[in-house]
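# Fold and contact review
So you can see what is in the structure, the chains are spelled out below.
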Amino acid sequence: WLVAILGTATAFSEATLAQLFKVRRPDGTFRGGPAYYISRGLGLPILGGVFAVVFLIANGLVMPMVQANAITASLQGAGGLSPSLGAVLVVALTAPVLLGGLRAMARVAEYLAPLMALAYLVLVLAILLTHPVQAFEAVRSIIEGAFGLRQGLGGLAGGVTAALLNGVRRGLFSNEAGLGGAACAAGSATVSHPVQQGFIQAFGVVVDTLFVCTATALAILVAGADVLQPGASAKESAGTLTQDAIAHLVGEWSRWPMALLVVVLAYTTIIGAFSYAQVCLDYLTDRPWVARALQIGAVICAGIGSVQQLTTVWTLADVLLGLGAIINLVALVLLSRWVVGALRDWEARRGRSTAEGDQSVFRRDSEYLPAPLPEGAWEGAGDR
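None of these values were measured; they are calculated from a predicted model.

### Remarks on the overall build of the protein
Looking only at helices and strands, the protein features 16 helices and four strands. Here the protein holds 384 residues, and the buried ones make up 45% of them. Residue pairs in contact within the protein that sit at least 24 positions apart in sequence constitute 76% of those at least 6 positions apart. For the protein, the exposed area adds up to about 18700 Å²; of that, 67% sits on carbon and sulfur atoms.

Shown next as structure tokens:
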């Protein structure tokens, strides 16, 4: 929750910066993100290239491994599907989109994802309403776990550090605030003012973490220790823990719908993460053979990740995303005056209109910015 609240600010900042320093491509589309605002905003193109390389590997190669692992784990939990067959299925789903550009499949999944997420939230709400006592105990256990005396004393032995590390890592992983991935997508959007995209990204953090992740946590806590498999450690059960909790509370029939939910969400995440990698690749080079090599590598990694241990793929993701986050967060601090300037510009223009039309359109030479923006995307914006 704390990471999500802070994450609304970092998501707003990085999305606004991605819009401010985005560049227009010859085909009329835009590219933006940390590599671009590090290069154009801080004047450090080499550091922007370092971020692009790290993030390209993290999202183009490692993230497909993480999400493919989630897909195979959910299918194994639902119907006992072996990891090898799961790997075949993951490759069959990802290869047509990443290699062949079959966007129809991706668009269907993108439309399904929000609908299935909404259905999931409704299902968990029904569980909480039908288990009010357990739901209250779940919330109480969260509060006590954060502020209880026993937990405070345990923090002296390193418990607080462990909780912070895991909470921050998982919180950031769920909403990507501050990691830079969402900023890569934000920089591709067409809006009349950079701040508009910042607000959209901030709202996404609220949905991802405060709604969906809280729903998952409460479902698991309401189910209790019964969802842990006999003789299995918490790490071994983690891949199907949510699935097991929902099945325990509403019945075994829910395993396949939950598995489908995980498949759709993980699949769209693979596609989205790969699009982040493409933005980073566009910053580095426009050579077609490099793009093709990245596509092939992503499909191969998805297949490999399907049969790897959960802890292995998570460790790889943590290291690479963490390294990129450090670079990005430093850039956000150094460029914060640009974010403040853009916000003040938006506040000044909001609601202002004349007979000539809407005056909320952003100008690259706004008086509220520290300096005029470099040419690239906002030329003549005030004349539209």
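### As for the pattern of salt bridges
Scanning the model with the defined rule gives eight salt bridges in all. For R363, the salt bridge goes to D365, with nearest N and O atoms at 3.3 Å. For R363, a relative accessible area of 32% puts it in the partly exposed group. Overall, the relative accessible area of 45% leaves D365 in the partly exposed class. Via salt bridges that share partners, R25, R31 and D282 belong to a single interconnected network.

### What to know about the environment of K22
Within the secondary structure layout, K22 lies in the loop between α1 (2–20) and β1 (23–24). Linking K22 and G376, residues 354 residues apart in sequence, is a C-alpha distance of 6.8 Å. The residues touching K22, leaving out its near neighbours within four places in the chain, are F30, R31, G32, R40, G187, A189, T190, G376, A377 and W378.

### Digging into the state of the cysteines
Per the counting criterion, the structure on display carries zero disulfides. Among the cysteines around C184, which has no disulfide bond, C280 carries the closest sulfur, lying 4.3 Å off. The exposure class assigned to C184 is buried, which follows from its relative accessible area of 1%.

### What about helix α2 (residues 34–41)?
Every α-helix carries 3.6 residues per turn, so stepping three or four residues along brings you back to the same face. Of all eight residues making up α2, six are buried, and the element is well covered by its neighbours. Those residues of α2 not exposed but buried are P34, A35, Y36, Y37, I38 and S39. Looking one or two residues past α2, G43 carries a phi angle of roughly 70 degrees, positive in sign.

### Points about a nonpolar patch on the surface
Among the surface-exposed residues, W1, V139, I143 and F147 lie close enough to one another that they form a single nonpolar patch of about 440 Å² accessible area. Assignment of secondary structure puts I143 in helix α6 (residues 132–147).

### Topic: the side chain of S254
The residue S254 is located in the loop between α12 (241–250) and α13 (255–284) in this model. Within the local environment of S254, its side chain forms a polar contact with the backbone oxygen of G251, the two atoms lying 2.8 Å apart.

### Details of the environment of P34
Tracing the backbone through its elements, the reader meets P34 in helix α2. Given a relative accessible area of 0%, P34 falls into the buried group. Along the sequence, P34 and G180 sit 146 residues apart, while their C-alpha atoms lie 6.0 Å from each other. Residues contacting P34, with those up to four places away along its chain left out, are F51, G180, A183, C184 and N328.

### Things to note about helix α4 (residues 83–98)
When the terminal C-alpha atoms of α4 are compared, their 21 Å separation across 16 residues agrees well with the 22 Å that a helix rising 1.5 Å per residue should span. Inspection of α4 places G86, A87, V90, T94, A95, V97 and L98 among the buried residues, and these make up the whole buried set. For α4, the angular spread of the buried residues around the axis is 155 degrees, confining them to a single face.

Cut-offs used in this document
Residues numbered from 1 in each chain as written. Predicted model: local features only at pLDDT ≥ 70, side-chain atom pairs only at ≥ 80, totals over all residues. Heavy atoms only, no water. Helix = DSSP H or I, 4+ residues; strand = E, 2+ residues; numbered from the N terminus. Buried < 20%, exposed > 50% of the residue type's maximum accessible area, 1.4 Å probe, protein only. Contact = heavy atoms within 4.5 Å. Areas by Shrake-Rupley, 256 points an atom, 1.4 Å probe, with all protein chains shown as cover. Salt bridge = Lys/Arg side-chain N within 4 Å of Asp/Glu carboxyl O. Disulfide = S-S within 2.5 Å. Patch = residues over 30% accessible without salt bridge, like charges linked within 9 Å, V, L, I, M, F, W, Y side chains within 5 Å. Polar contact = N/O pair within 3.5 Å; in protein donor to acceptor, adjacent residues only side chain to side chain. Expected span 1.5 Å × (residues − 1). Arc of directions from axis to C-beta.

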